[in-house]
Amino acid sequence: MVTRRAFIGILGTSAVVVAAGGVALSQVDQMPPQAVEAWNGPAPNLRDPRVRALSYALLAPNPHNRQPWIADLREANAITFFCDRTRLLPETDPYSRQITIGCGAFLELLRMAAAEQGYRAEIVAFPSGDWPAGAVGDQPICRVVFVADPSVVRDPLFAQVLKRRTNRATYDDLPVTAADADGLHGAVADLPVTFGWTNAPSRMQQLRAIAKKAWDIEMGKDATYFESVRVYRITADEILRHRDGLSFHGPFFWAMNRLGLFTREKALAGDQLARRQAFDFINPELAHTPAFAWLSTAGNDRRAQLAAGAAYVRTNLKATALGLAIQPLSQALQEFPEMLPVLAEHKRAVGVAESATVQMFFRAGHASPAEPSPRRALDDIIRA
Ligand SMILES: Cc1cc2nc3c(=O)[nH]c(=O)nc-3n(C[C@H](O)[C@H](O)[C@H](O)COP(=O)(O)O)c2cc1C
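Residues numbered from 1 in each chain as written. Predicted model: local features only at pLDDT ≥ 70, side-chain atom pairs only at ≥ 80, totals over all residues. Heavy atoms only, no water.

J.: Report on the site of the ligand, specifying residues and quantitative values.
T.: If you check the shell around the ligand, you find 20 residues, and the closest are Arg164, Thr166, Arg168, Ser330 and Arg375. Residue Thr166 places a side-chain N or O atom 2.5 Å away from an oxygen atom belonging to the ligand. A distance of 2.9 Å is found between an oxygen atom of the ligand and a side-chain nitrogen or oxygen belonging to Gln327. Coverage of the ligand by the protein amounts to 93% of the 620 Å² it exposes when considered alone. Contributing elements (two or more residues each) for the shell around the ligand: helix H3 (97-116) and strand E9 (325-328). Partitioned by chemical class, the residues of the shell around the ligand number 7 nonpolar, 9 polar and 4 charged. When residues of the shell around the ligand are assigned to domains, at least three fall in each of domain 1 (5-9 + 163-365) and domain 2 (33-161). (Near = heavy atom within 4 Å. Polar contact = N/O pair within 3.5 Å; in protein donor to acceptor, adjacent residues only side chain to side chain. Areas by Shrake-Rupley, 256 points an atom, 1.4 Å probe, with all protein chains shown as cover. Helix = DSSP H or I, 4+ residues; strand = E, 2+ residues; numbered from the N terminus. Nonpolar A, V, L, I, M, F, W, Y, C, P; charged D, E, K, R; others polar. Domains from an automatic or database assignment.)

J.: I'd like to hear about the state of the cysteines, residue by residue, with values.
T.: Applying the stated criterion across every chain yields a total of 0 disulfides. In this structure Cys83 is a free cysteine whose sulfur lies 4.2 Å from that of Cys103, the closest cysteine sulfur available. By relative accessible area, which is 5% here, Cys83 ends up buried. With a relative accessible area of 0%, Cys103 lands in the buried category. (Disulfide = S-S within 2.5 Å. Buried < 20%, exposed > 50% of the residue type's maximum accessible area, 1.4 Å probe, protein only.)

J.: Let's hear about the packing of aromatic side chains: which residues, and what values?
T.: This structure, assessed with the given rule, holds 16 aromatic pairs. Taken together, a centroid distance of 5.2 Å and an interplanar angle of 80 degrees make the contact between Phe126 and Trp131 edge-to-face. Owing to a relative accessible area of 6%, Phe126 belongs among the buried residues under this scheme. For the ring pair Phe248 and Phe253, a centre distance of 5.3 Å and an interplane angle of 85 degrees mean the geometry is edge-to-face. Accessibility expressed as a relative area gives 0% for Phe253, which makes it buried. The ring of Trp39 has Arg165 sitting right over it, with the charged end atom 4.9 Å from the ring centre. Cation over ring: Arg363 sits above Tyr171, and NZ or CZ is 3.7 Å from the ring centre. (Phe/Tyr/Trp six-rings, centres within 6.5 Å; stacked < 30°, edge-to-face > 60°. Lys NZ or Arg CZ within 6 Å of the ring centre and 35° of its normal.)

J.: Tell me about the domain arrangement of the protein, residues and numbers included.
T.: Each domain of the protein was delimited in the assignment, giving domain 1 (5-9 + 163-365) and domain 2 (33-161). Just the C-alpha atoms count here: the centres of domain 1 and domain 2 sit 22 Å apart. Facing 41 residues of domain 1, the contacting portion of domain 2 comprises 44 residues. Summing both sides of the interface, domain 1 and domain 2 together bury roughly 3500 Å²; the carbon and sulfur share of this comes to 56%. Together, Glu227, Arg302 and Leu306 form the three largest contributors to the area buried by domain 1 at its contact with domain 2, with a combined 20%. (Contact = heavy atoms within 4.5 Å. Buried area = accessible area lost by both parts, 1.4 Å probe.)

J.: Describe the pattern of salt bridges, listing the residues and the values that go with them.
T.: Inspection of the entire model under this criterion finds 24 salt bridges. Linking Arg50 and Asp48 is a salt bridge whose minimum nitrogen-to-oxygen distance equals 2.7 Å. Taking the relative accessible area as the measure of exposure, Asp48 reaches 25% and is therefore partly exposed. Asp237 is the partner of Arg258 in a salt bridge, and the nearest nitrogen-oxygen pair spans 3.8 Å. On the criterion of sequence distance, the pair formed by Arg258 in helix H8 (residues 251-258) and Asp237 in helix H7 (residues 236-242) is long-range, its members being 21 residues apart. (Salt bridge = Lys/Arg side-chain N within 4 Å of Asp/Glu carboxyl O.)

J.: Got a sec to walk through the pairing of strand E10 (residues 357-365)? Specific residues and values, please.
T.: Burial runs high along E10: 9 of the 9 residues are buried. Pairing of strand E8 (residues 291-297) with E10, which is carried by 7 bridges, proceeds in the antiparallel orientation. By the bridge assignment for E10, Thr297 is matched with Thr357. Two strands pair when backbone bridges link them, and E9 and E10 are joined in this way by 4 bridges, in the antiparallel orientation. Considered in E10, the bridge of Gln327 is made with Arg363. (Pairing = 2+ DSSP bridges.)

J.: For unusual backbone geometry, give the residues involved together with the corresponding values.
T.: Of note in the backbone geometry, Asn65 takes a positive phi value of approximately 50 degrees without being a glycine. Topologically, Asn65 is positioned in the loop between helix H2 (49-57) and strand E1 (69-72). Phi at Thr235 is positive, roughly 85 degrees, even though this residue is not glycine. The buried category is assigned to Thr235, whose relative accessible area is 3%.

J.: Mind laying out the packing of helix H6 (residues 222-229) against helix H10 (residues 272-280), listing which residues take part and the relevant values?
T.: The N-to-C vectors of H6 and H10 enclose an angle of 95 degrees; their axes lie 12 Å apart at closest approach. Classified by the interaxial angle, the pair formed by H6 and H10 is roughly perpendicular. Contacts between H6 and H10 involve Asp222, Tyr225 and Phe226 on the former and, on the latter, Ala274, Arg275 and Ala278. In terms of residue class, the contact of H6 with H10 is built from 4 nonpolar, no polar and 2 charged. (Axes fitted to C-alpha atoms, helices over the stretch in contact; angles between N-to-C directions. Parallel < 35°, antiparallel > 145°, perpendicular 65-115°, else oblique.)

J.: Before we move on, could you go through the environment of Leu246 and cite the residues and values that matter?
T.: Among the secondary structure elements, Leu246 is positioned in strand E7 (residues 246-248). Leu246 gets classed as buried once you look at its relative accessible area, which sits at 17%. Between the alpha carbons of Leu246 and Asn65 there is a distance of 6.9 Å; along the sequence they are 181 residues apart. Not counting residues within four places of it along the chain, the set of residues in contact with Leu246 comprises His64, Ser228, Val231, Tyr232 and Arg233.

Okay, structure coming up:
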């Protein structure tokens, strides 16, 4: 959920109370339980191990929570996994690199959930050939065969799957230590990715400035800004209707919405209040970030991006186990033309070779737990 702090000062609490019409404020516009029911794990009556594994996989972190996933179950004991081309982000993610990372995270959770049930997930990437260069094709990302194997190794990180969150809060002043970073690094040691991090004040300052510059470029360009606005889900009603995208709910946003001050239609029409607030969202986050970390790969083909997704979700799960909060800040990594100079500057600042690719860049710290984000119904991603 996007927090309300960026809007504070625009509208006093009294207006919220008036709009709420006397209903207990804390009860107004809560996250609809049905939108987050996936975080309770699969229903006990689900018997098919593939479907049970998919119930966990769809909890993967993914850009703008678009959930671009299709799982075809028509072949016995196998899942053919496609990327849903109606759920891409062509402006902020022109080559669908980030979308592919989300698919890699999905596959890693699928693999872990299969193992948990005593199945080895045999994953063959792009069994019908690669996608066209730089695009998402009709070809499946992979075919996953579930092979019963009592010796399959369970992953200790699986215990964190239902607890994992993206946490956009302001983080406490508690430091992220070298031991924390070692823990995160250890979670990706078997994958073809390189882990980096810093908590050094001068470097933090430099990276904060780059992240802010990148944010302003994304918010300042109409095409990229409106791409996000189109997936704003404002109030519990909209969240429940879509169960994806960027959630805004609670008494404050509800009142802003009911008073007509913050609606998707208005934001899409170019409302300056919404735009100014979007520019400011990142400021409190950056001001309260004790550490940054990143994952890079030597190449940047689809397999590298899938590996980066596996690595990122493992990092997020390990962070959960360590009591750390993390949040990606992807703007500086985006490949649309206006961002390219900042992308190069960011790569130099994190010390990654020009020929390599920074796949994920994220803040890390300690914070109160974040609420779960919505997920579409399992049936919506299954083709049976
Ligand atoms: C490739 C990728 C890029 C992301 N970039 C951002 C980002 O720039 N800012 C942010 O707040 N979250 C970012 N996220 C996190 C997603 O928004 C988040 O995973 C999604 O909303 C679902 O929420 P959850 O992780 O709490 O389940 C990114 C996630 C992925 C996989």
